[in-house]
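# Overview (structure and organization)
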Amino acid sequence: MAPGHYFWAIFYFACLCSASLANNAKVNFREKEKKILDQILGAGKYDARIRPSGINGTDDKATQVFVNMFLRSISKIDDYKMEYSVQLTFREQWLDERLKFDDIGGRLKYLTLTEANRVWMPDLFFSNEKEGHFHNIIMPNVYIRIFPYGSVLYSIRISLTLACPMNLKLYPLDRQVCSLRMASYGWTTADLVFLWKEGDPVQVVKNLHLPRFTLEKFLTDYCNSKTNTGEYSCLKVDLLFKREFSYYLIQIYIPCCMLVIVSWVSFWLDQGAVPARVSLGVTTLLTMATQTSGINASLPPVSYTKAIDVWTGVCLTFVFGALLEFALVNYASRSADRAADIQRENMKKKRREMEQVSLDAASDLLDTDSNATFAMLRQCEVHMQPPKRPNCCRTWWSRFPTRQCSRSKRIDVISRITFPLVFALFNLVYWSTYLFREEEED
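Because the structure is predicted, anything quoted here is derived from the model rather than measured.

## Description of the overall build of the protein chain
Check the secondary structure of the protein chain and you find eight helices and 14 strands. Here the protein chain, with 442 residues, has 35% of them falling under the buried criterion. Total accessible area computed for the protein chain in this model is approximately 27,500 Å², and 59% of it derives from carbon and sulfur atoms.

## Focus on the pairing of strand E7 (residues 151–163)
Among the 13 residues of E7, 11 are classified as buried, and the element is accordingly described as predominantly covered. As defined by bridge partners, strand E2 (residues 83–95) adjoins E7 across 13 bridges and the pair is classed as antiparallel. For arginine 91, the partnering residue across the bridge sits in E7 and is serine 155. In this structure, strand E5 (residues 129–134) lies alongside E7, joined through five bridges in antiparallel fashion.

## So, the confidence of the model for the protein chain
For the protein chain, mean pLDDT is 82; residues scoring 70 or higher make up 76% of the total. Low confidence marks residues 21–25, where pLDDT is under 50. Its contacts with residues over four positions away, or in another chain, come to one contact.

## Side note on the pattern of salt bridges
Enumeration according to the criterion identifies 15 salt bridges in this entry. Between lysine 130 and glutamate 83 there is a salt bridge, with its nearest N and O atoms 3.2 Å apart. Of the two residues, lysine 130 is situated in strand E5 and glutamate 83 in strand E2; the sequence distance between them amounts to 47 residues. The class for glutamate 83 is buried, based on a relative accessible area of 8%.

## Quick notes on the environment of phenylalanine 70
If you trace the backbone, phenylalanine 70 turns up in strand E1 (residues 63–78). C-alpha separation for the pair phenylalanine 70 and proline 201, spaced 131 residues apart in sequence, amounts to 8.3 Å. Ignoring sequence-local partners within four residues, the contact set of phenylalanine 70 consists of Gln87, Leu88, Thr89, Arg91, Gln203, Val204 and Val205.

## Brief notes about the side chain of aspartate 238
Within the secondary structure, aspartate 238 is located in strand E14 (residues 234–243). Within the structure, aspartate 238 has its side chain in polar contact with the side chain of serine 179 (distance 2.6 Å).

## So, the state of the cysteines
Here a disulfide denotes one covalent bond, and it connects the sulfur atoms of two cysteines. Here the structure, examined in full by the defined rule, presents two disulfides. When the cysteines of the protein chain that form disulfides are numbered from the N-terminus onward, they connect as 1-2, 3-4. Cysteine cysteine 256 is unpaired, with the sulfur of cysteine 315 as its nearest cysteine sulfur at 4.9 Å. Free cysteine cysteine 257: the closest other cysteine sulfur is in cysteine 315, separated by 5.8 Å.

## Some points on the nonpolar core
Counting residues in hydrophobic clusters, the biggest one holds 80 residues, and the most contacted among them are Met69, Tyr84, Phe90, Leu180, Met182 and Phe241. Here this core takes eight residues from helix H5 (residues 307–368), the largest share from any one element. Residue contacts for phenylalanine 241: discarding those within four places in its chain leaves Ile74, Ile77, Arg175, Gln176, Cys178, Leu210, Phe213, Thr214 and Leu215.

## Some points on helix H4 (residues 274–297)
In an α-helix, one turn spans 3.6 residues; hence positions three or four apart end up facing the same way. If you check H4, its first and last C-alpha atoms are 34 Å apart, about what 24 residues at 1.5 Å a residue would give, namely 34 Å. Among all positions of H4, only Arg277, Leu280, Gly281, Thr284, Leu285, Met288, Thr292 and Ile295 are buried.

## Some details on the packing of aromatic side chains
Tallied over the full model, the rule gives 26 aromatic pairs. With a centroid separation of 5.6 Å and an interplanar angle of 70 degrees, the aromatic rings of phenylalanine 90 and phenylalanine 126 are classed as edge-to-face. Of this pair, phenylalanine 90 sits in strand E2 while phenylalanine 126 sits in strand E4 (residues 124–126); the two residues are 36 residues apart in sequence, bridging distant segments of the chain. Ring geometry for tyrosine 430 against tyrosine 434: centres 4.9 Å apart, planes inclined by 50 degrees, an arrangement best described as tilted. With tyrosine 430 and tyrosine 434 both in helix H8 (residues 404–441) and four residues apart, this pair spans about one turn of that helix. The exposure class of tyrosine 430 is buried, given its relative accessible area of 2%. Each residue in the set Phe245, Tyr253, Trp264, Phe267, Trp311, Phe318, Phe419, Phe423, Phe426, Tyr430, Trp431 and Tyr434 is aromatic and connected to the rest through ring pairs, giving one cluster. Here lysine 169 stacks its cationic end above the ring of tyrosine 304, 5.8 Å away from the centre of that ring.

Reading the values: the criteria
- Residues numbered from 1 in each chain as written.
- Predicted model: local features only at pLDDT ≥ 70, side-chain atom pairs only at ≥ 80, totals over all residues.
- Heavy atoms only, no water.
- Helix = DSSP H or I, 4+ residues; strand = E, 2+ residues; numbered from the N terminus.
- Buried < 20%, exposed > 50% of the residue type's maximum accessible area, 1.4 Å probe, protein only.
- Areas by Shrake-Rupley, 256 points an atom, 1.4 Å probe, with all protein chains shown as cover.
- Pairing = 2+ DSSP bridges.
- pLDDT = per-residue confidence, 0-100.
- Contact = heavy atoms within 4.5 Å.
- Salt bridge = Lys/Arg side-chain N within 4 Å of Asp/Glu carboxyl O.
- Polar contact = N/O pair within 3.5 Å; in protein donor to acceptor, adjacent residues only side chain to side chain.
- Disulfide = S-S within 2.5 Å.
- Core = buried A, V, L, I, M, F, W, Y, C linked by side-chain atoms within 4.5 Å.
- Expected span 1.5 Å × (residues − 1).
- Phe/Tyr/Trp six-rings, centres within 6.5 Å; stacked < 30°, edge-to-face > 60°.
- Lys NZ or Arg CZ within 6 Å of the ring centre and 35° of its normal.

Printed below as a string of C-alpha cells:
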C-alpha cells in the first residue's frame, strides 16, 4: 500500500473516533431518564391499579414485597396510656417487570421518583398504630427508585405512635415487649406476601437513648391473620425494653425507707412529749400517703397488684403502725397515772382515819387521869411523829406505784426492736421474690 493510502486510512479512523467522542459528550442522561419514564409510565402503557406478576412472571403467584427499616429514635414510652412513639425510615422492595428499561450500557443505575401514585404500591398499614404522620420539611421525605431489571424500592420517613399493652405486675422491676405490626389491608396472601429482607431487616441507630428504658434486643417474626374475608400477610418487630431501676430507687424506694425510719424516732421520745410524737406520726403518714398518690397518678388503674403497690402499702402500714403504737403507749401511760392517783387518794384517806382515831383516844384519856393522859399524850406524840423523809428515788417511783407504768415503757422498748426487724424481714422477702420472678421472665 502506498504511503498516501496509509495517511488517508489514519485520517479516516481519527475522524470516526472524534465523532464518537463528540456523540458521547452530547448524551444528556437527564433527557434519557425523561424519555425512559415517559416510555414505561406513559399513558396506556402502565396501569398502577394492577399488581405486578408473581415469581418468574407468573400471574397465579403472589407478589412478594421485601421489607426492612431503620429505627431512628424512640421519643417516649408512656406507661399510663400504654403506648410508645417511634421515628423510622421504612423501606419496601418488590419486582415489577413492566418497569424494565435499558440502562445504557450500565451507565444508568436507577430512576428516581417522588410521586408514589405513579407506580403500583403495596397496601401496607400499621395495625397497632394510634397516630402517625409523614415528614415534609424541607421537602417530602420519600423517594421511589426503579432499577433496570424492574425492581422498585420505596423509602419514606415516618413518625408513629403505637399501642403497647403492658403487664405491670413487676413494675418497676419489669420488662416490656412493644410490637410494631405491619399487614396488608386488602390483598390476601394469594395476591400479596410480605417478607423480611434477608440479612439485617431491622437496623437501630447507634447510641439510642431512652429516659427510663433500655432497648435490650429486638426480634422479627410473621403474624399472618385470618378473617372472614381471607388470610392476610403480616410482619412484626418485637422490641424488648428493660426499665431502668436506678430512677425508681432514688425517687421512690429510698424516700419511702427514710419515711419509715423517721417514723421510728417517736419510739425514743418521752411518753409525755405528746405534741412531738403526734406531729411526727401524722407528718410521716401524710407524706407517705402523698408519695403513694403521686406514684399511682402516673400509672393506669389496673385490676392486679403491682410490685410498687406492695412496697408502698407495707411502708404506709409501718408508718401507720408507729402512730398506733404511740396511741397504745399513751393509753397505757394514762391508765397508769389514773391508777396511781386512785392509790394515793386511798393512802391519804387511810392516814386521815388513823389520825382521827389517835385524836379520839387522846381526848378520852384527858377526862380520866391527867397523869395517865400526859403519859398517853407523850406516847401519842411519839406515834404521831412525821415519817422520815424518803429519798428521791422512792419519791420518783411512788408516782408509778403499779406495774402499768412499766408496761407503757415496755411497749416502746419492744417497738424499737420489733419494727426494724420486721421491716428488714419484709425487705428480704420482697427483693428475693420480685428479683427471682424477674429472672424467671428472662
